[in-house]
Every structure is written in C-alpha cells, then in structure tokens.
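Residue-level structure breakdown
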Amino acid sequence: QVELVESGGGLVQAGGSLRLSCTASGLTFDAYAMGWLRQAPGKEREFVAGIDWTGSRTTYANSVKGRFTISRDNAKNTVSLQMNSLNPEDTADYYCASADRPWPSEHANDYINWGQGTQVTVSS
C-alpha cells in the first residue's frame, strides 16, 4: 500500500518561507516522478511543481517559478518543496503525489497516489 506523508505546513507572513517535506513508502520511489499540487478554498486542485525519477529534471507552474524549488532524495524516499517569497495567493492545502510515469507532468490526473495534504496559510 502506497503512503505519502507530508509535513512542514503552517502560517507565515507574506514574503516569508516554508519548506514542505513528503516521505513515501510502499512504492518503488526512484522509478516515478513526484509532484506537489495545491488546492485553495473554492478552487480546483492545481499543479505546482514536478520532478523526474532521477531528480535532474524539474517543472514548475508559472505562478511559482523562481520562488519555489522541488527536490528529492531517492536514498531517503523523500521529496521536498522549498517555498520562498510567499504571498497570500499561495494559501492552500498542499499535496505530495506520485506520478504514473518517470517524467514529471503538469496534469493532476497523471498523479495516482496522494498524501493527505498539509495546510499553508500566508497572511498579508
């Protein structure tokens, strides 16, 4: 059974930083791309960042490019999201997810296993 457990969410002021982490179990972690997606209240879930199976290729939503950095450690089965220069529009529940392929996708439907989510709130 695949399990993804996120941590690191919280409340931060605009301009601040947070680091989200996700630990995976029950899957061949280094065979699949991983991603972070988010869902704000009243909005659809949207792609934030993805990383390929090796950790060498990343992709980002335009709204976070230059502010967020995704990384992974295949030896520890972890994927992280460093979030800098946060603004209130980044407020959402953030989900770690594993893809059904080795390369990252910007489509939520390509992610087949999901964590329970961690809440990020950015105050103005």
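Quick look at the structure, then. Each chain carries its own residue numbering, running from 1 in the written order of its sequence. Reporting in this predicted model follows two pLDDT cut-offs: at least 70 for local features of residues, and 80 or more for side-chain atom pairs to be given and counted; totals over whole chains, interfaces and linings ignore these cut-offs and use all residues. Calculation of side-chain values draws on the structure's entire complement of heavy atoms; hydrogens and water are dropped beforehand.

Side note on the overall build of the protein chain
- Scanning the protein chain from N- to C-terminus turns up 0 helices and 11 strands.
- Secondary structure elements follow DSSP: runs of H or I no shorter than four residues count as helices, runs of E no shorter than two count as strands, and numbering proceeds from the N terminus. Order of helices (α) and strands (β) in the protein chain, N terminus to C terminus: β-β-β-β-β-β-β-β-β-β-β.
- Atoms counted for the radius of gyration: C-alpha only. Globule rule: 2.2 Å times residue count to the power 0.38. Rg of the C-alpha trace for the protein chain: 13 Å, near the compact-globule value of 14 Å for 124 residues, within the 12% margin.
- In terms of overall dimensions, the protein chain has C-alpha extents of about 40 × 25 × 25 Å along its principal axes.
- The burial tally for the protein chain puts 44% of its 124 residues in the buried class.
- Any pair of residues with heavy atoms lying within 4.5 Å of one another is described as a contacting pair. Put simply, of all contacts in the protein chain between residues at least 6 apart along the chain, 59% involve residues at least 24 apart. Summary of the burial criterion: residues with accessible area below 20% of their type's maximum are buried, those above 50% are exposed, and those between are partly exposed, where the area comes from a 1.4 Å probe applied to protein chains only.

Some details on the state of the cysteines
- When two cysteine sulfur atoms are found within 2.5 Å, that pair is recorded as a disulfide. In this structure the tally under the stated criterion is 1 disulfide.
- Here Cys-22 connects covalently by a disulfide to Cys-96, the sulfurs 2.1 Å from one another. Measuring handedness by torsion sign, the sulfur bridge of Cys-22 and Cys-96 sits at about -70° and is left-handed. Here Cys-22, found in strand β3 (residues 18–25), pairs with Cys-96, found in strand β9 (residues 92–99); they are 74 residues apart in sequence, far enough to count as distant.

Focus: the nonpolar core
- Working definition of a nonpolar core: buried Ala, Val, Leu, Ile, Met, Phe, Trp, Tyr and Cys residues. They are joined through side-chain atoms within 4.5 Å. Ranked by internal contacts, the top residues of the largest apolar core, which has 34 residues, are Trp-36, Val-79, Leu-81, Met-83 and Tyr-94.
- Every element with two or more residues in this core is listed here: β3, β4 (34–39), β5 (46–51), β7 (68–73), β8 (78–83), β9 and β11 (118–123).
- The greatest single-element share of this core, amounting to 5 residues, is contributed by β9.
- Setting aside its immediate chain neighbours within four residues, Val-79 contacts Leu-20, Ser-21, Cys-22, Phe-29, Met-34, Trp-36, Ile-51, Ile-70, Ser-71, Arg-72 and Cys-96.

Re the pattern of salt bridges
- Whenever Lys or Arg places a side-chain nitrogen within 4 Å of a carboxyl oxygen from Asp or Glu, that contact is recorded as a salt bridge. Counted by the stated rule, this structure contains 5 salt bridges.
- Linking Arg-38 and Asp-90 is a salt bridge whose minimum nitrogen-to-oxygen distance equals 2.9 Å. Residue Arg-38 is located in strand β4, and its partner Asp-90 is located in the loop between β8 and β9; the two are separated by 52 residues in the primary sequence.
- Assessed through its relative accessible area of 1%, Asp-90 is described here as buried.
- Residues Arg-101 and Asp-110 are paired through a salt bridge, measuring 3.1 Å at the closest nitrogen-oxygen approach.
- On the accessibility criterion, Arg-101 (23% relative accessible area) is partly exposed.
- In the salt-bridge network here, residues are joined through shared partners; they are Arg-38, Glu-46, Arg-67 and Asp-90.

The values reported here are purely geometric and, on their own, carry no functional implication.
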